[in-house]
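Remarks on the overall topology
What follows is each chain in one-letter form.
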Amino acid sequence: MLRIIDCRQISGINSPTQAQLNNLQKDMPMATNPPAGQVAARFTDQVAIVTGGAGGLGRQICLSIGAEGGKVAVFDTNAEAIDQTVALLNAGGTEAVGHLVDVRDHGAVTSAVAAVATYFGRIDILIAAAGGSLATPRDLADIAPADLDLVIDVNVKGTFNCAQAVVPHLLRAGGGAIVTFSSIGGRSTSPVTGVPYAAAKAAILGLTRRLAREVGPGGIRVNAVAPGLFLTGRLQGMFDDMTEADRSEVLDGIPLGRMPQLQECVDPVLFLASGQSSYITGAVLDVNGGRFMAG
Ligand SMILES: NC(=O)c1ccc[n+]([C@@H]2O[C@H](COP(=O)([O-])OP(=O)(O)OC[C@H]3O[C@@H](n4cnc5c(N)ncnc54)[C@H](O)[C@@H]3O)[C@@H](O)[C@H]2O)c1
């Protein structure tokens, strides 16, 4: 229930005339509230591609977009997990398709994106979540050239490939939103992941800003999230394997004093993908309980 405070009682200012109110409302077209008791669905009839959409955070993002009226295309390399995600989406009444696609493969990405546009008739949103440290070693001495290539290729080139393929479709739709995935490891340092991951996630921030500048005139917003540690299945294992000292470094360094729920990363992603962030582009949103605070 919205509580309206009458400023006139506090400051003694005069009430605006109806004409002034009409002008104010014209300047604030989005400041309307849904009827009491109803939450506005932010993605009704919009089409979102979610890369890594069958993974821990990606799947939750797909389900949350679907729950708010969106149609979803799941891009991932894990066929079984794609099928499960699409089945979950369909069970919840969401129109969804899955594409077995490796984001490193420029041609495959371009074809899959075109297929989504043909199937749904439009594309409005790209969530580029495919990535991670991909089971590569953390410590410098253990990192092989192939490990570095894998982490850079999936995180950086994969994000680039998807953004490049999607932008023409967003332009055709009259604009849209791209959300990229950095990490606290790319904003600061993380004891969990190594140098290649830090380099890749920092590169994604440069990619995000430069892309935002280039596509902004077309009504496309590009923003990054930089999550702290969210214990998706894979990371729970990594967390459990860490030394007590490393685990304490993570936990003691979180001012909010607790590990997060997955939805606490999903909600900021949805905010950046939705019209609620309509004047935000080229930004990075730290989602880490305060473990890293930007100046
Ligand atoms: N979970 C965290 O704590 C955390 C923290 C910071 C950043 N992130 C970032 O968030 C994103 C999602 O992380 P997550 O924890 O959900 O990871 P996850 O491993 O659970 O999911 C990643 C998904 O990406 C898919 N994938 C991997 N390589 C791919 C490729 N080449 N092409 C297409 N799909 C591919 C995997 O099959 C998987 O389904 C990643 O970019 C990760 O770096 C996660």
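Here's a quick rundown of the structure.

1. A short note on the overall build of the protein
Looking only at helices and strands, the protein features eleven helices and seven strands. In the protein, buried positions account for 40% of the 295 residues. Long-range contacts, defined here as pairs at least 24 residues apart, represent 72% of the contacts in the protein between residues at least 6 apart.

2. Examining the site of the ligand
The ligand sits among 29 residues. The nearest are G52, G55, G56, L57 and G131. If you list the elements that add at least two residues to the shell around the ligand, you get α3 (56-67), β2 (71-76), α6 (145-172) and α9 (233-241). A total of three residues in the shell around the ligand trace back to one element, the largest contributor, which is α3. Looking at side-chain class alone, the shell around the ligand contains 13 nonpolar, twelve polar and four charged residues.

3. What about the pairing of strand β5 (residues 176-181)?
The buried count for β5 comes to six of six residues, which makes it a mostly enclosed element. Examined bridge by bridge, strand β4 (residues 125-128) and β5 share four bridges and lie parallel to one another. Following the sheet pairing, A128 is matched in β5 by T180. The parallel pair β4 and β5, bridged by α6, forms a crossover whose chirality is right-handed.

4. Points about the sheet that holds strand β3 (residues 96-100)
Reading across from one edge, β3-β2-β1-β4-β5-β6-β7 is the order of the seven strands in this open sheet, with parallel pairing throughout. Only two strands of the sheet have a single neighbouring strand rather than two, namely β3 and β7 (284-287). Strand-to-strand twist in this sheet, taken as the mean axis angle between neighbours without regard to direction, amounts to 15°. Of the pairings in the sheet, the one linking strand β1 (residues 47-51) to β4 comprises four bridges and is parallel in character. When the bridges of β4 are listed, T51 appears paired with A128.

5. Looking at unusual backbone geometry
Even without being a glycine, D45 presents a positive backbone phi close to 65°. Relative to the helices and strands, D45 resides in the loop between α2 (18-27) and β1. Even without being a glycine, A135 presents a positive backbone phi close to 60°. Tracing the backbone through its elements, the reader meets A135 in the loop between β4 and α6.

6. Quick word on α6
Taking 1.5 Å per residue, 28 residues should reach 40 Å; α6 reaches 40 Å between its end C-alpha atoms and fits that length. Positive phi shows up at G174, right after α6, with a value of about 90°.

7. Re the packing of α3 against helix α4 (residues 79-91)
Closest axis-to-axis distance for the α3/α4 pair is 10 Å, and the angle between their directions is 20°. Considering the angle they form, α3 stands roughly parallel to α4. At the point where α3 passes α4, the crossing takes the right-handed sense. Between α3 and α4, the contacting residues are R59, C62, L63 and G66 on the first element and T85, L88 and L89 on the second. Classifying every residue of the contact of α3 with α4 by side-chain character gives four nonpolar, two polar and one charged.

8. A few points about the environment of G194
For G194, the position within the fold is in the loop between α7 (184-187) and α8 (195-215). In the structure, G194 is positioned 56 residues away from R138 in sequence and 4.2 Å away in space, judged by C-alpha atoms. When neighbours within four sequence positions are excluded, G194 is seen to be in contact with S133, P137, R138, D139, L140 and I143.

9. Description of the nonpolar core
I49, V50, V74, I127, A128, V166 and V269 are the most contacted members of the largest nonpolar core, which has 70 residues in total. In terms of residue count, α6 provides more of this core than any other element does, nine residues in total. For I127, the contacting residues outside a window of four places in its chain are A48, V50, I61, V179, V269 and A273.

What counts as what
Residues numbered from 1 in each chain as written. Predicted model: local features only at pLDDT ≥ 70, side-chain atom pairs only at ≥ 80, totals over all residues. Helix = DSSP H or I, 4+ residues; strand = E, 2+ residues; numbered from the N terminus. Buried ≥ 20, exposed ≤ 12 C-beta atoms within 10 Å, placed from the backbone. Contact = placed C-beta atoms within 7 Å. Near = placed C-beta within 6 Å. Nonpolar A, V, L, I, M, F, W, Y, C, P; charged D, E, K, R; others polar. Pairing = 2+ DSSP bridges. Right-handed = clockwise from strand over helix to strand, strands pointing away. Axes fitted to C-alpha atoms, helices over the stretch in contact; angles between N-to-C directions. Expected span 1.5 Å × (residues − 1). Parallel < 35°, antiparallel > 145°, perpendicular 65-115°, else oblique. Left-handed = near helix turned anticlockwise from the far one by under 90°. Core = buried A, V, L, I, M, F, W, Y, C linked by C-beta atoms within 7 Å.

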